[in-house]
Amino acid sequence: MMEYTTLRNSELRVSRLCMGGCPMGGYGWGDVQEKELIEAIHTALDKGINFFDTADTYGLGQSELTLAKGLGNRRKDVVIETKFGVRFSNSGTVYDNSPAYIREALEGSLKRLNTDYIDIYVIHYRDHSTPMEEVVDTLKTLQSEGKIRYFGLSNLHSSDFAEVLPFKGDFVCCQDEYSLANRSNEEALLTLDKELMATPLTWGSLGQGILTGKYDKSCVFDSKDRRSRDIYVNFHGDKLLKNLEIVEAMKPIAQAHNVSIAAVAIRFILDYLKDSVVLVGAKRPAQISGNLESMGWHLSEEELSILNNISKIQ
Ligand SMILES: NC(=O)c1ccc[n+]([C@@H]2O[C@H](COP(=O)([O-])OP(=O)(O)OC[C@H]3O[C@@H](n4cnc5c(N)ncnc54)[C@H](OP(=O)(O)O)[C@@H]3O)[C@@H](O)[C@H]2O)c1
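A.B. asks: Tell me about the sheet that holds strand 3 (residues 17–20), and please be specific about residues and values.
C.D. replies: If you trace the eight strands once around the closed barrel, you get 3-4-5-8-9-10-11-12, paired in parallel fashion. Within this sheet the neighbouring strands show an average axis-to-axis angle of 30°, counted without direction. One ladder, built from four bridges, connects strand 5 (residues 79–84) with strand 8 (residues 118–123); its direction is parallel. Residue pairing across strands places Lys83 opposite Val122, the latter belonging to strand 8.

So, in structure tokens, the structure goes:
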């Protein structure tokens, strides 16, 4: 049974499980097949997922194209969130929140998504040069033109709070990395939830896959898979060993509820951050089904406490 919530400052009623679109970019996630991605989108739709996250940067637009193809004429039934703020050029990657670039990026996303409006347009990263007021004014103008319905934030940390808190009530959500493998942004998400009134959205909710129980300490990724790189800390060194300890703690809980280990990782977030929406990337229908096992039940106080203790930052 799907669970839904209404995003703050909006009328958007969304599933608490959002399909993450990073693997749809087809880049850096190992073996990813378009046919399986489209089938995964259809499974998500059929099971009541009505919230889809993507970005113009995922596969340099490929994720938005695949999402549009998968949604087809069901686009009007869903909430699409896409992001702007990262600009690629021959001289490298820059963060750009300037009004001119926001408009340029939006036109590209609208075209690729084959739609005339974006439900939630998200600042992917702050550029720390365009004043927040100018960014918000631009987004409000786009809203009044009907090109976007709402706007949101991502990857915001305590050093950014002073500039965003005056805009309480303007943003519907804020997403950041959060999982049993990485709780470092917990306080930031809770502060923004309370002070900015932005619904917390979590990315990397499965620790990029380590919290599904299918990897062990000898896991090795192809050099084309982003997780082969050291910056994907969840799969390397002591952090990998710690994550495998967390997986061991999840196993009996998964067994007791007759659900996948991934479902326990997702349920922890849903129960611990009570107003949150969990973003999960998936490459094929079976992964969507495994993640859907997180719906319609709760962790007991004792189970929450076990998971809280083993994952909390020391
Ligand atoms: N705002 C931002 O800056 C930002 C950054 C990152 C992500 N995001 C968003 O958040 C979404 C989620 O994060 P993420 O995709 O990076 O990581 P994630 O959701 O933690 O992990 C996704 C990966 O886990 C594996 N998986 C998923 N479900 C599974 C299941 N039931 N059983 C076994 N394996 C499963 C798949 O990879 P394998 O099968 O290859 O293991 C999948 O690609 C993204 O897709 C994107 O939409 C936003």
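A.B. asks: Summarise helix 4 (residues 132–144); cite the residues concerned and give the values.
C.D. replies: Each turn of an α-helix holds 3.6 residues, which means side chains three or four residues apart point in the same direction. The end-to-end C-alpha distance of helix 4, which contains 13 residues, comes to 18 Å, matching closely the 18 Å that a straight helix rising 1.5 Å per residue would cover. Those residues of helix 4 that sit buried are Val135, Thr138, Leu139 and Leu142. Buried residues of helix 4, seen end-on, are gathered within an arc of 95° and therefore sit on one face of the element. Facing away from the buried surface of helix 4 by more than 90 degrees, the exposed residues are Glu133, Asp137 and Ser144. On its buried side, helix 4 packs onto helix 3 (99–112), strand 8 and strand 9 (148–154).

A.B. asks: Can you lay out the nonpolar core for me, pointing to particular residues and giving the numbers?
C.D. replies: Side chains of nonpolar character tend, in soluble globular proteins, to be buried together. If you look at the biggest cluster of nonpolar residues, it comprises 83 residues, and the most contacted ones within it are Cys18, Cys174 and Ala265. Top contributing element to this core by residue count: helix 8 (residues 261–272), with nine residues. When sequence neighbours within four positions are dropped, the list of residues in contact with Cys18 reads Phe51, Phe52, Asp53, Leu201, Val277, Val278 and Leu279.

A.B. asks: Hey, could you go over the site of the ligand for me, with residue numbers and the actual values?
C.D. replies: Neighbouring the ligand are 30 residues, the closest being Gly20, Cys22, Gly209, Gly281 and Gly290. The set of elements that each furnish at least two residues to the shell around the ligand consists of strand 12 (277–281) and helix 9 (285–292). In terms of residue class, the shell around the ligand is built from nine nonpolar, 18 polar and three charged.

A.B. asks: An account of the packing of helix 7 (residues 237–257) against helix 10 (residues 301–311) is needed here, citing residue identities and associated values.
C.D. replies: Look at helix 7 against helix 10: their axes get within 10 Å of each other, and the N-to-C directions meet at 175°. Viewed along their axes, helix 7 and helix 10 adopt a mutual orientation that is roughly antiparallel. Across the interface between the two elements, Glu245, Ile246, Ala249 and Ile253 of helix 7 pack against Glu303, Ile306, Leu307, Ile310 and Ser311 of helix 10. Split by residue class, the contact of helix 7 with helix 10 holds six nonpolar, one polar and two charged.

A.B. asks: Describe the environment of Ser10, and please don't skip the residues or the numbers.
C.D. replies: Looking at the secondary structure, you find Ser10 in the loop between strand 1 (4–6) and strand 2 (13–15). Looking at Ser10, the number of C-beta atoms within 10 Å reads 19, which means it is partly exposed. Taking the C-alpha atoms as reference, Ser10 lies 9.4 Å from Asp170; in sequence the two are 160 residues apart. Every residue in contact with Ser10, bar those within four places of it in the chain, is listed here: Tyr150 and Val172.

A.B. asks: Explain helix 1 (residues 34–46) residue by residue, including any values.
C.D. replies: Compared with an ideal rise of 1.5 Å per residue, which puts 13 residues at 18 Å, helix 1 spans 18 Å between its outermost C-alpha atoms and is within 8% of the ideal. Here helix 1 has its buried residues at Leu37, Ala40, Ile41 and Ala44. Each buried residue of helix 1 sits inside an arc of 100° when the element is viewed along its axis, so together they form one side. Turned more than 90 degrees away from the buried face of helix 1, the exposed residues are Lys35 and Asp46. Tucked inside the fold, the buried residues of helix 1 contact strand 3, helix 2 (62–71) and helix 9. One or two steps after helix 1, the chain reaches Gly48, where phi turns positive at roughly 100°.

About the criteria used
Residues numbered from 1 in each chain as written. Predicted model: local features only at pLDDT ≥ 70, side-chain atom pairs only at ≥ 80, totals over all residues. Pairing = 2+ DSSP bridges. Helix = DSSP H or I, 4+ residues; strand = E, 2+ residues; numbered from the N terminus. Axes fitted to C-alpha atoms, helices over the stretch in contact; angles between N-to-C directions. Expected span 1.5 Å × (residues − 1). Buried ≥ 20, exposed ≤ 12 C-beta atoms within 10 Å, placed from the backbone. Arc of directions from axis to C-beta. Contact = placed C-beta atoms within 7 Å. Core = buried A, V, L, I, M, F, W, Y, C linked by C-beta atoms within 7 Å. Near = placed C-beta within 6 Å. Nonpolar A, V, L, I, M, F, W, Y, C, P; charged D, E, K, R; others polar. Parallel < 35°, antiparallel > 145°, perpendicular 65-115°, else oblique.

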